[in-house]
Amino acid sequence: MSRLWARFAGLFSSKSFIGVDKTGNKYFSRMEEIDGLVKEKRWVVFRREEDPTSIPVEWICWLNGQRKRAPTPEEMVELEARRERVKLNVALLKKEEEEKKAREGTGRKITIGKVDGPDLTSFVRQFPPDSKGGELEEASEETDKSRAKEHEPEIVSAEPPEPKTTEPSGSGSSFRPGTWQPPS
């Protein structure tokens, strides 16, 4: 009953027709006095079902008050043409990218899974074992292993190693007040 009364009262109100979009939705506005302030009320009457996705962006902006003036039919035609050009450009770019991948992909080996990094042992072998410099020497795998053992730091401690956590702890033999720093 209230919908019927609202429609009847709407016939005599001072609403003004603003425009229509390409799907047939009609847009209206009315000046209302709310709490002593005169405000413009804007709304849409849907042609078919109430489907908010059928409203163009420009009309949504007008309904929300982000635009002062409603979009003109000429502006809507221009924006629709621009959207079509953008869609065509996107389709062309996708096609070019697929063709480029097809051309490059014929001579390349496709690897699935984990890919190993570069082998740096031959690079490291060209440097002398001492830091003072000297002649470059060609080393074997045995010398590489012996060098690795020579440069390993020796861990000597009387206490068991502290567990590595990111949370502060307030108990235990390893606690030192004021030394905990948050992880970075």
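Residues numbered from 1 in each chain as written. Predicted model: local features only at pLDDT ≥ 70, side-chain atom pairs only at ≥ 80, totals over all residues. Heavy atoms only, no water.

A. The pairing of strand 2 (residues 26-34), seen in detail. The sheet contact formed by strand 1 (residues 16-20) and strand 2 spans four bridges and is antiparallel. If you follow V20 over to strand 2, its bridge partner there is K26. Counting the residues that bridge the hairpin from strand 1 to strand 2 gives five residues, and of these G24 lies at a positive phi of roughly 100 degrees. The sheet contact formed by strand 2 and strand 3 (residues 37-45) spans nine bridges and is antiparallel. When the sheet's bridge partners are listed, E32 is paired in strand 3 with K39. In this antiparallel pair of consecutive strands, strand 2 and strand 3, the connection spans two residues, and D35 shows a positive phi of 55 degrees. (Pairing = 2+ DSSP bridges. Helix = DSSP H or I, 4+ residues; strand = E, 2+ residues; numbered from the N terminus.)

B. Representation of the packing of aromatic side chains. With the rule as written, the count across this model stands at five aromatic pairs. Taken together, a centroid distance of 5.6 Å and an interplanar angle of 65 degrees make the contact between F17 and F28 edge-to-face. Taken together, the residues span a long stretch of sequence, with F17 in strand 1 and F28 in strand 2 at a distance of 11 residues. Relative to W59, the ring of Y27 has its centre 4.0 Å away and its plane inclined at 5 degrees; by these criteria the two rings are stacked. A residue pair is termed long-range when its members are at least 10 positions apart, and Y27 in strand 2 and W59 in helix 2 (residues 57-63) qualify at 32 residues. Aromatic ring contacts, followed pair by pair, group F17, F28 and W43 into a single cluster. The ring of F28 carries K15 above its face, with NZ or CZ at 4.7 Å from the centroid. (Phe/Tyr/Trp six-rings, centres within 6.5 Å; stacked < 30°, edge-to-face > 60°. Lys NZ or Arg CZ within 6 Å of the ring centre and 35° of its normal.)

C. The side chain of R42, seen in detail. Residue placement: R42 occurs in strand 3. Residue R42 is classed as buried on the basis of its relative accessible area, which comes to 17%. At 2.8 Å, the side chain of R42 forms a polar contact with the side chain of E40. At 2.5 Å, the side chain of R42 forms a polar contact with the backbone oxygen of W62. (Buried < 20%, exposed > 50% of the residue type's maximum accessible area, 1.4 Å probe, protein only. Polar contact = N/O pair within 3.5 Å; in protein donor to acceptor, adjacent residues only side chain to side chain.)

D. The arrangement of the nonpolar core in detail. In this structure, Y27, V44, F46, I55, W59, W62 and M76 together form the largest nonpolar core, which totals seven residues. Beyond its immediate sequence surroundings of up to four residues, I55 is in contact with D21, N25, Y27, V44, F46, I60 and L63. (Core = buried A, V, L, I, M, F, W, Y, C linked by side-chain atoms within 4.5 Å. Contact = heavy atoms within 4.5 Å.)

E. Expanded view of the sheet that holds strand 3. Ordered by their spatial adjacency, three strands build an open sheet running 1-2-3, and the pairing between neighbours is antiparallel. The sheet is open, and its two borders are formed by strand 1 and strand 3, each paired with just one other strand. Taking the axes of each pair of neighbouring strands and ignoring which way they run, one obtains an average angle of 30 degrees across the sheet. (Axes fitted to C-alpha atoms, helices over the stretch in contact; angles between N-to-C directions.)

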